[in-house]
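Here's the letter readout for the chains.
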Amino acid sequence: MSTPKPTLETTFAGIKCMNPFWLASAPPTNCGEQVMRAFDAGWGGAVWKTIGAPITNVSSRYSSIDWDGHRMMGLNNIELISDRPTEVNLREIAEVKRRYPKNIVIASLMVESKRETWHEIVQRAEDAGADGLELNFGCPHGMSERGMGSAVGQVPEYCEQITSWVKEKARTPVIVKLTPNISDIRMPARAAKRAGADALSAINTINSITGINLDNFQPNPNVDGKSSHGGYCGPAVKPIALNMVQQVQSDPAAALPLSGIGGIGTWRDAAEFILLGCGNVQVCTAVMHYGYRIIEDMQDGLLAWMAEKGFTTIDDFRGLSLPNVTDWKYLNLNYKIVARIHEDLCIGCQLCYTACWDGAHQCIHLDRTAPAPDTTRTPAMVEATSAQRISTTPIPKLDSGGAAHSSAITPLERIPRVDEEHCVGCNLCALVCPVENCITMEQINNGLPPQNWDERTSAGLVPEGAREVMNTNG
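Note that the structure is a prediction, hence the values are computed from the model and not measured.

A few points about the overall build of the protein
Next, step 1: A count of helical and extended segments in the protein gives 16 helices and 18 strands.
Next, step 2: The principal-axis extents of the C-alpha atoms in the protein amount to approximately 85 × 60 × 55 Å.
Next, step 3: Out of the 474 residues belonging to the protein, those deemed buried represent 49%.
Next, step 4: Pairs at least 24 apart in sequence give 72% of the contacts found in the protein among residues at least 6 apart.
Next, step 5: Of the accessible surface of the protein, which amounts to about 23600 Å², a share of 52% is contributed by carbon and sulfur atoms.
Next, step 6: Charge centroids of the protein, computed over 41 positive and 52 negative side chains, lie 5 Å from each other.

Laid out in structure tokens, this is it:
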């Protein structure tokens with residue numbers, strides 16, 4: 001019997017969609033012409049750039065952080081909500097829905113905190129044909145100074161109040177967009193759920209200042225010599241977003257269908273968010289960087305991975321990784337791995353040696369050609385010994401026939417050795433190694449049964465003082 005072909009069709013909060021890839025509320029969804037081109041490219045849905053009271057934007061608006069050749073590793077913006085008239089946005093939503101009835105259009109909304117004002121905008125957005133509503137309680141700059149955006153999302157009581165007003169009027173699913181600029185994202189999530197929200201989306205952008213110009217001392221993005229804190233997004237924020245998604249979806253009082261946002265640019269990113277419980281994902285920065293057509297790789301890649309893993313639908317793997325994230329006190333203290341350096345791949349750069357001695361646990365040594373392992377030699381002693389010798393450039397072809405012959409292309413004296421007895425398995429050497437698979441982290445059998453901190457404490461194996469410290473931090 002053949003395995004059914006995987007499908008990306010999914011249902012999020014009651015909204016059926018051809019795939020789990022939506023555009024986030026942002027510049028890529030600023031107008032109908034853009035959204036229709038995005039749908040032609042393959043995006044399943046779009047959250048319209050936030051509609052609300054008329055605003056005026058500044059110039060300039062964006063700045064970014066580049067990292068090791070990667071442009072826009074993190075993107076900062078101080079742009080506000082849509083600066084187009086509400087009636088124009090709603091008219092274009094109606095036109096998009098008329099032309100693309102199978103694609104999803106969500107109206108992102110932000111208005112002043114008055115019941116009748118929210119009722120009015122909800123009515124108008126739904127009359128225009130929006131398939132759902134996203135309440136923007138996350139925008140961290142500008143609008144928050146006017147009592148909207150994250151000024152609402154940071155106060156659970158406000159979040160609950162406004163969500164309940166919207167639910168009084170709404171006929172379509174209500175999605176509450178959460179701010180990450182809060183100590184515990186579960187608090188507004190719980191408030192939204194108490195108010196009857198149908199779904200959540202997370203995360204919005206993170207407060208940031210990307211940099212200062214060292215010539216004129218002005219921050220970026222520069223608006224006539226000044227700037228303001230802005231919202232940070234892009235690949236740099238993905239780990240923060242994943243953590244917050246896990247926090248919400250692991251909390252029964254907060255968990256709802258969740259649309260994942262934060263640094264998603266590939267099918268792999270999307271799969272990770274879904275594995276932590278997201279029903280779909282929203283993308284912004286990657287589209288601002290590379291354009292709408294990245295959806296082609298995202299769809300093909302996710303389908304191929306699903307076929308490889310035997311998943312037929314998105315729901316087949318949604319949330320599978322949630323049980324694998326737990327509190328530190330439940331991790332197995334007797335699990336032991338060590339680093340192993342593969343001589344045939346080592347290029348002798350010794351980054352692992354430096355990292356281990358200066359940044360970790362001093363378990364890597366340069367003693368492969370010594371008569372016996374010597375774990376007492378510090379980097380300073382190695383340097384002093386080296387300085388006494390005439391330095392020559394290693395020539396593998398000529399240096400490989402000595403007493404310390406091996407299959408390595410790098411002279412053995414340059415290849416570090418791991419003291420496995422004292423290696424703590426921290427991973428740092430493998431992380432800094434520039435050669436893939438040159439250093440592998442391998443489990444060793446220490447003969448000990450699994451035991452976590454909680455069990456160790458209960459067994460009376462933890463000194464009283466140490467137990468109190470753990471309880472304080474737990």
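Having seen the model, we can carry on.
Brief notes about the packing of helix α1 (residues 32–41) against helix α2 (residues 86–99)
For any two helices packed against each other, one specifies the crossing angle of their axes together with the interaxial distance.
Next, step 1: One way to put it is that α1 packs onto α2 with a least axis distance of 9 Å and a crossing angle of 25°. The orientation of α1 relative to α2 falls into the category roughly parallel. Here the hand of the crossing between α1 and α2 comes out right-handed. Residues G32, V35, M36 and F39 of α1 form the contact with α2, whose own contacting residues are E92, V96 and R99.

Notes on the pattern of salt bridges
Next, step 1: Under the criterion given, the structure shown has 25 salt bridges.
Next, step 2: A salt bridge links K49 to E79; the nearest nitrogen and oxygen atoms lie 3.0 Å apart. With a gap of 30 residues between them, K49 in strand β4 (residues 45–52) and E79 in the loop between β6 (70–77) and α2 connect regions that are remote in the sequence. Each member of the pair, K49 as well as E79, carries the same accessibility label: buried.
Next, step 3: For E112, the salt bridge is made with K114, and the minimal N-O distance between the two is 3.9 Å.

Overview of empty space enclosed by the protein
Next, step 1: Throughout the structure, instances matching the rule amount to three cavities of 30 Å³ or more.
Next, step 2: The volume enclosed by the largest cavity comes to roughly 460 Å³.
Next, step 3: What lines the largest cavity is a set of 33 residues, and nearest its centre among them are S25, A26, N77, N204 and T205.
Next, step 4: At the level of secondary structure, the elements contributing two or more residues to the lining of the largest cavity comprise β4, β6, β12 (230–233), β14 (278–283) and α9 (285–290).
Next, step 5: A total of three residues in the lining of the largest cavity trace back to one element, the largest contributor, which is α9.
Next, step 6: A breakdown of the residues in the lining of the largest cavity according to their chemical character gives 18 nonpolar, 12 polar and three charged.
Next, step 7: Here the second largest cavity is characterised by a volume of approximately 90 Å³.

Topic: the sheet that holds strand β11 (residues 206–208)
Next, step 1: Reading across from one edge, β5-β6-β12-β11 is the order of the four strands in this open sheet, with antiparallel pairing throughout. The open sheet terminates on both sides in strands that have one partner only, identified here as β5 (62–67) and β11. Within this sheet the neighbouring strands show an average axis-to-axis angle of 40°, counted without direction.
Next, step 2: Bridge count for β6 against β12 is three bridges, and the pairing is antiparallel. Within β12, the position partnered with N77 by the bridge is G231.

Quick notes on unusual backbone geometry
Next, step 1: For the bond from S59 to S60, the omega torsion is 10°, close enough to zero to count as cis.
Next, step 2: In this structure, S60 sits in the loop between β4 and β5.
Next, step 3: Each neighbour pair has its own omega, and for A202 with I203 the value is 10°, a cis peptide bond.
Next, step 4: Within the element layout of this structure, I203 appears in the loop between β10 (199–202) and β11.
Next, step 5: Unlike most non-glycine residues, M72 shows phi in positive territory, near 55°.
Next, step 6: Relative to the elements of secondary structure, M72 occurs in strand β6.
Next, step 7: We note that Q350 has phi near 65°; this positive angle belongs to a residue other than glycine.
Next, step 8: By secondary structure assignment, the location of Q350 is in the loop between β15 (337–341) and α11 (351–359).

Looking at the pairing of β4
Next, step 1: Counting buried positions over the eight residues of β4 gives eight, a clear majority of the element.
Next, step 2: Bridge count for strand β3 (residues 21–23) against β4 is two bridges, and the pairing is parallel. When the sheet's bridge partners are listed, W22 is paired in β4 with G45.
Next, step 3: Across six bridges, β4 lies against strand β7 (residues 104–110) in parallel orientation. The residue of β7 that forms the bridge with G52 is M110.

What to know about the side chain of S208
Next, step 1: Looking at where S208 falls in the secondary structure, it is placed in strand β11.
Next, step 2: With relative accessibility at 12%, the residue S208 sits in the buried group.
Next, step 3: Here N76 takes part through its side chain, which lies 2.7 Å from a polar atom of the side chain of S208.
Next, step 4: Not counting residues up to four positions away in its chain, the partners in contact with S208 are N76, H229, G230, G231 and Y232.

Parameters and conventions
Residues numbered from 1 in each chain as written. Predicted model: local features only at pLDDT ≥ 70, side-chain atom pairs only at ≥ 80, totals over all residues. Heavy atoms only, no water. Helix = DSSP H or I, 4+ residues; strand = E, 2+ residues; numbered from the N terminus. Buried < 20%, exposed > 50% of the residue type's maximum accessible area, 1.4 Å probe, protein only. Contact = heavy atoms within 4.5 Å. Areas by Shrake-Rupley, 256 points an atom, 1.4 Å probe, with all protein chains shown as cover. Lys, Arg positive; Asp, Glu negative; His and termini not counted. Charge placed at Lys NZ, Arg CZ, Asp CG, Glu CD. Axes fitted to C-alpha atoms, helices over the stretch in contact; angles between N-to-C directions. Parallel < 35°, antiparallel > 145°, perpendicular 65-115°, else oblique. Left-handed = near helix turned anticlockwise from the far one by under 90°. Salt bridge = Lys/Arg side-chain N within 4 Å of Asp/Glu carboxyl O. 1 Å grid on protein atoms, 1.4 Å probe; cavity = no way out; pocket = protein on both sides within 12 Å on 5 of 7 lines; lining within 4 Å. Points joined across faces, edges and corners; volume = space filled by probe spheres on them. Nonpolar A, V, L, I, M, F, W, Y, C, P; charged D, E, K, R; others polar. Pairing = 2+ DSSP bridges. Polar contact = N/O pair within 3.5 Å; in protein donor to acceptor, adjacent residues only side chain to side chain.

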